Amino acid sequence: MPPDSDPLGAQARFIIAGGPLAGTLAPSCGRISVGGKSPLTLGIKEANAGGPAAQKLDRLGIRAVVVKGAPQENKSYILHVSKQYDKKSSVISIGIAGELKWKSATVAVTDMDGHPSRHAARGGLGAVMGAKGLKAIVINDSGASSVDLADKEAFRSAMKKWPEVIKADTRLQSMSKYGTTAAIAAMRSIGTAPSKNYSSEQTEGYENLAGSAFEEANQARGGHMTGCMPGCIVKCSMVYHDDNGKYLTAAYEYETIALLGTNLGISDSDAVASFDRICDELGVDTIEIGSALGVAASAGKMKFGDVASALTLFDEIEKGSEFGTILANGVVSTAKALGITRIPAFKGQAIPAHDPRVTKATGVTYHTSPMGADHTAGVSYDDFKSKEGQVERSLKTQIINAALDSLAYCILAMPGDRQRLFSFLKDLINARYGLSLSVNDLIDIGRQTLKDELEFNRGAEFKKAHDPDPEFVRTEPLAPIGNVFDVDPEEIAGIWDNLDTIQVLD
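Just so it is clear, the model here is predicted, and its values are computed rather than measured.

Check the secondary structure of the protein and you find 19 helices and 14 strands. Computed over the C-alpha atoms, the radius of gyration of the protein is 21 Å, within 12% of the 23 Å expected from 2.2 N^0.38 for a compact globule of 506 residues. When the backbone C-alpha atoms are referred to their principal axes, the protein occupies close to 60 × 50 × 50 Å. Counting across all 506 residues of the protein, residues that qualify as buried make up 59%. Put simply, of all contacts in the protein between residues at least 6 apart along the chain, 71% involve residues at least 24 apart. Here the protein has roughly 19,700 Å² of accessible surface; of this, 49% comes from carbon and sulfur atoms.

Glancing now at the pairing of strand 6 (residues 90-93). Sheet analysis places strand 6 next to strand 9 (residues 134-140), joined by 4 bridges and oriented antiparallel. When the bridges of strand 9 are listed, S93 appears paired with A136. Pairing geometry for strand 6 and strand 7 (residues 107-109), over 2 bridges, is antiparallel. Within strand 7, the position partnered with S93 by the bridge is A108.

Right, let's talk about the environment of L57 for a bit. Examined against the element boundaries, L57 turns out to sit in helix 1 (residues 53-59). Sequence separation between L57 and T41 is 16 residues, and the spatial gap between their C-alpha atoms is 29 Å. Setting aside its immediate chain neighbours within four residues, L57 contacts I16, I32, I62, V65, V81 and I139.

Tallying each qualifying case throughout the model produces 5 aromatic pairs. Pairing W162 with F424 gives two aromatic rings, centres 4.1 Å apart and planes at 0 degrees, and the pair type is stacked. Of this pair, W162 sits in helix 4 (residues 152-168) while F424 is found in helix 16 (residues 418-433), placing the two residues 262 residues apart along the sequence. Accessibility assignment for this pair places W162 and F424 in one class, buried. A centroid spacing of 5.5 Å and a plane angle of 45 degrees characterise the contact between F346 and Y366, whose relative ring orientation is tilted. Placement of F346 in strand 13 (residues 345-346) and of Y366 in helix 14 (residues 360-368) is noted, with a sequence separation of 20 residues between them. Since its relative accessible area comes to 0%, Y366 is described here as buried. Here the basic side chain of K301 rests over the ring of F323, its NZ or CZ set 5.3 Å away from the ring centre. One Lys or Arg, R342, reaches over the ring of F472 and ends 3.9 Å from the middle of that ring.

What follows is about helix 6 (residues 183-190). Taken residue by residue, helix 6 has I184, M187, R188 and I190 as its buried positions. Along the long axis of helix 6, the arc covered by the buried residues comes to 165 degrees, so they all point the same way. Following helix 6 by one or two positions, G191 adopts a phi angle in the positive range, close to 90 degrees.

A few words on the nonpolar core. Soluble globular proteins tend to bury their nonpolar side chains together. Core analysis: the largest hydrophobic core is formed by 110 residues, its most contacted members being F422 and L425. For this core, the element with the highest residue contribution is helix 15 (residues 390-407), accounting for 8 residues. Excluding residues that lie within four positions of it along the chain, F422 makes contacts with I400, A403, L404, V439, L442, I443 and L505. If you look at the next biggest cluster of nonpolar residues, it comprises 24 residues, including A22, A49, V81 and V109.

Below, the discussion takes up a negative patch on the surface. Together, E388, D488, E490 and E491 make up a negatively charged patch on the protein surface. Position of E388 among the secondary structure elements: in the loop between helix 14 and helix 15.

Before going further, it helps to examine helix 15. For helix 15, spanning 18 residues, the distance from its first C-alpha to its last is 26 Å, which sits close to the expected 26 Å at 1.5 Å a residue. Buried residues dominate helix 15, accounting for 15 of its 18 residues. Directly after helix 15, the chain includes A408, whose backbone phi takes a positive value near 65 degrees.

The next point concerns the sheet that holds strand 12 (residues 247-250). One open sheet holds the 3 strands; their spatial order is 10-11-12, and the pairing between them is antiparallel. At either margin of the open sheet sits one strand with a lone partner, and together these are strand 10 (224-226) and strand 12. Across the sheet, the mean angle from the axis of one strand to that of its neighbour is 25 degrees, orientation sign disregarded. Sheet analysis places strand 10 next to strand 11 (residues 237-241), joined by 3 bridges and oriented antiparallel.

Counting across every chain of the model gives 26 salt bridges. A salt bridge links D469 to K347, with the nearest nitrogen and oxygen atoms 3.1 Å apart. In this pair, D469 sits in the loop between helix 17 (439-458) and helix 18 (472-475) while K347 sits in the loop between strand 13 and strand 14 (349-350), placing the two residues 122 residues apart along the sequence. Note on K347: relative accessible area 10%, which makes it buried.

Packed helix pairs are specified by the crossing angle of their axes together with the interaxial distance, meaning the distance between the axes. Axis separation between helix 14 and helix 15 bottoms out at 8 Å; the angle between their running directions is 65 degrees. Here helix 14 lies roughly perpendicular to helix 15, going by the angle between them. In terms of crossing hand, the pair formed by helix 14 and helix 15 is right-handed. For the pair helix 14 and helix 15, contact is made by K360, A361, V364, T365 and T368 and by Q390, V391, R393, S394, T397 and Q398, respectively. Its residues placed into classes, the contact of helix 14 with helix 15 shows 3 nonpolar, 6 polar and 2 charged.

Turning our attention to the environment of A299. Structurally, A299 is set in the loop between helix 10 (286-298) and helix 11 (307-319). With a relative accessible area of 39%, A299 lands in the partly exposed category. Between the alpha carbons of A299 and G339 there is a distance of 9.1 Å; along the sequence they are 40 residues apart.

Conventions we followed
- Residues numbered from 1 in each chain as written.
- Predicted model: local features only at pLDDT ≥ 70, side-chain atom pairs only at ≥ 80, totals over all residues.
- Heavy atoms only, no water.
- Helix = DSSP H or I, 4+ residues; strand = E, 2+ residues; numbered from the N terminus.
- Rg over C-alpha atoms; globule rule 2.2 N^0.38 Å.
- Buried < 20%, exposed > 50% of the residue type's maximum accessible area, 1.4 Å probe, protein only.
- Contact = heavy atoms within 4.5 Å.
- Areas by Shrake-Rupley, 256 points an atom, 1.4 Å probe, with all protein chains shown as cover.
- Pairing = 2+ DSSP bridges.
- Phe/Tyr/Trp six-rings, centres within 6.5 Å; stacked < 30°, edge-to-face > 60°.
- Lys NZ or Arg CZ within 6 Å of the ring centre and 35° of its normal.
- Arc of directions from axis to C-beta.
- Core = buried A, V, L, I, M, F, W, Y, C linked by side-chain atoms within 4.5 Å.
- Patch = residues over 30% accessible without salt bridge, like charges linked within 9 Å, V, L, I, M, F, W, Y side chains within 5 Å.
- Salt bridge = Lys/Arg side-chain N within 4 Å of Asp/Glu carboxyl O.
- Lys, Arg positive; Asp, Glu negative; His and termini not counted.
- Charge placed at Lys NZ, Arg CZ, Asp CG, Glu CD.
- Expected span 1.5 Å × (residues − 1).
- Axes fitted to C-alpha atoms, helices over the stretch in contact; angles between N-to-C directions.
- Parallel < 35°, antiparallel > 145°, perpendicular 65-115°, else oblique.
- Left-handed = near helix turned anticlockwise from the far one by under 90°.
- Nonpolar A, V, L, I, M, F, W, Y, C, P; charged D, E, K, R; others polar.

Structural data, given as structure tokens:
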């Protein structure tokens, strides 16, 4: 598509795509990507989600679905990709946010229990889907044959070794027990999980949102940890039950808990879970909405720590009132409507739950990534108190994450040994397709992906349509460690000079 196209216009494309190993049920290789031009950042956007949808597409022999053109006025459609329709279908859909083309709109994917709890959430791609008049895509692979493997024995041999790698990785074992909620206590202790609109004010009782507290309360109610797709052996997805033992929400994760919890001064896990469920049903990004509500609270539109006042603003969004629509169009929309100049966003998109004053390499990623402020583009906490070497760290993580997204491997299942991970993926792809790719070939997929994204954005409004990146991260020290984001702007500007030559894997 032309880079300067209207992201919601007829020339725009809406794309869903699975990875090269999805249908094999190889562990953590079944993420589904959603692509288009973001109405938030006005640049290229890839957002991905779990669920079985990509695995079903692959077994049907489909690598991607591309939607273009424009629908007849006021028409909406359901696309069936199937041999037949039944309850085993996966559904990719939008909520009212996508239908109304709000810029925080997500694309929801059903999990293994049929809940629309897995979201390709960032960048407002639900609005792009809605602009195509597409309410849902229903995928059913009943009757489809298993995918072909060029070398079945080599594939089985590679698969056999992988569970031991996962079991030996202490971080992944913690994820299996607590999910990403395990990060809350540690992240709040250094200030990176936002509190009260990315300020140094502490949210009292944030420990109630941490992994061990969650696990004990949720298990007593019948909640559990599960995989988001068949074949997952990490199983870091939390299914959260209410105090009556009934399903409340799923995919209850760190980013959501931080942005809808501590960022709003709220530490009641049931309240935050109910906010997550509301966002699922509206089809809005929990990061973008949590950030917008935080700005609204700073302007007196709600009270930090007050669940009832937060629910009032969610009601405004659901009604589609004037202010509700402003909130639903994201943090930049909200700040400008309220006359606020301290805007927690890069390139039009809200800062996630990794504050760039603490994780400086991630701050470089927010400044430079073709995706804007998106933690999935590359997070690193290595040597986080120092400004030295953070541009190089950001570049390495951006290349690695671009490669893993292209291969549809879940970054939450990434072990500490990156070399072993890419060797594993290389062996699987070679065995499936009869190829002889090297680890460097897979890393080069990440390099080329970034080149393609940067080239698209050069022809789009990505860099010139937005306010400068937020100054407060350079001027407001963040408690408790007192960091500011102080990486040299000239060094940041040269990040892509070494894209082709940097040694990515140690």
